[in-house]
Amino acid sequence: MKVIFSIVKELWGLFVDDQSYALAILAWVTVSALATRLAIVTRWAGPVLFAGLCAVLVENVVRSARKNSRRNR
Amino acid sequence: MTGWTQSGPAIGASFLSSAVEFVEALTIVLAVGVTRGWRAAWIGAISAAALLTGLVVFFGKALEQIPLATLQLVVGLFLLLFGMRWLRKAVLRSAGVISLHDESRVFAEETQMLKTFGAVHGLIDLVGFMAAFKAVLLEGLEVVFIVIAVGTAAKNLPAASAGALAAGVVVVLIGVMVRRPLTRVPENSLKFSVGVLLSAFGTFWTGEGLHIAWPGENWAILGLIGAFLSVAWLSIRIARQNSALQAGRTQS
């Protein structure tokens, strides 16, 4: 039973370790999907999807770095 | 969706990411071999590898039945979450925000833990078998995911499988020769590269699943790889500067 629990926990951990980060990625993909469906963004839909994901990455990295600096004070 | 623009990076991503996971599994298997015996270590590792091979074959065939757009979106999303998780961690490690993964420390801890169990009599040391089996299975699940996701989306499961297999052979051969944890493997650099590749694939296929028309079609993957690499490098610079600024404020 312990082994099965470890496997399930490991599978979850493959995709999520920072929940806010994972949620932000999914939220941006949802926004992009809606924007594409409603034809708000057409030709630039791909670059917009990419740009949003980069913003999520950079924001999380900066926030993590700040949190780490405060912890080390 | 076939062609070298997808197969090449697919083999590359599969090889690199599998190499990282095999190195981590090797550390545990070595610890088992040294403390509990090589028979338990080998049988545990081979049993897990056989189970994982079966999973690749089963899921590879099952996924062929799913409509392409749905498959692209689901596989793309999982790859995106997986790849961006690796990329985030690799960036934070490169920036010194979190510590690097240390195989020698993992080996020491695992060896210490395995020694606490008494001798097990019988045909096979079950403690050692379970430790080796669990390590290879858990690390191998990541390899299976990458092989299936990358291989299915690139419509070249054999190429992705070949990449993973090649990585496994290389790591096992080196492990057998040196008989110690592979601490000199540039693990974070590998994870950084894999994170970039998988984030790019995940973004591309998520877009395909959402019926987004990428400029340059399949060539967009190469553009995404270059762009993610640039953004990740920039993120490392920003995080380092941020940490240096905070340290400066603390000292003053």
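Refer to the preceding data block for the structure.
In what follows, the accompanying structure is described. Since this is a predicted model, take the numbers as computed values, not measurements.

On to the overall build of chain A, then. The number of helices and strands found in chain A is three helices and zero strands. Across chain A, helices and strands are ordered from the amino to the carboxyl terminus as α-α-α. In terms of C-alpha radius of gyration, chain A reaches 17 Å, well past the compact-globule figure of 11 Å for 73 residues. For the C-alpha atoms alone, the extent of chain A along its principal axes is close to 50 × 40 × 15 Å. Scored against the burial criterion, the 73 residues of chain A give a buried share of 23%.

On to the nonpolar core, then. Residue and element names in this part refer to chain B. Counting 92 residues, the largest nonpolar core has Val29, Ala132, Val150 and Phe201 as its most contacted members. For this core, the leading source of residues is helix α5 (residues 126-153), giving 17 residues. Setting aside its immediate chain neighbours within four residues, alanine 132 contacts Ile28, Val29, Val32, Ala40, Ala41, Gly44 and Ala45.

All names here are of chain A. End to end, helix α2 (residues 19-37) covers 27 Å across 19 residues, agreeing with the expected 27 Å (1.5 Å per residue, within 8%). Those residues of α2 that sit buried are Tyr21, Ile25, Val29, Ser32 and Thr36. Down the axis, α2 shows its buried residues gathered within 75° of arc, on one side only. Residues of α2 that are exposed and point more than 90 degrees away from the buried face comprise Gln19, Ser20, Leu23, Ala27, Thr30, Leu34 and Arg37.

With that settled, the discussion passes to unusual backbone geometry. One non-glycine residue, His211(B), adopts positive backbone phi at about 60°. By the secondary structure assignment, His211(B) is in the loop between α7 (187-209) and α8 (220-251).

About the criteria used
- Residues numbered from 1 in each chain as written.
- Chains lettered and ligands numbered in written order.
- Predicted model: local features only at pLDDT ≥ 70, side-chain atom pairs only at ≥ 80, totals over all residues.
- Helix = DSSP H or I, 4+ residues; strand = E, 2+ residues; numbered from the N terminus.
- Rg over C-alpha atoms; globule rule 2.2 N^0.38 Å.
- Buried ≥ 20, exposed ≤ 12 C-beta atoms within 10 Å, placed from the backbone.
- Core = buried A, V, L, I, M, F, W, Y, C linked by C-beta atoms within 7 Å.
- Contact = placed C-beta atoms within 7 Å.
- Expected span 1.5 Å × (residues − 1).
- Arc of directions from axis to C-beta.

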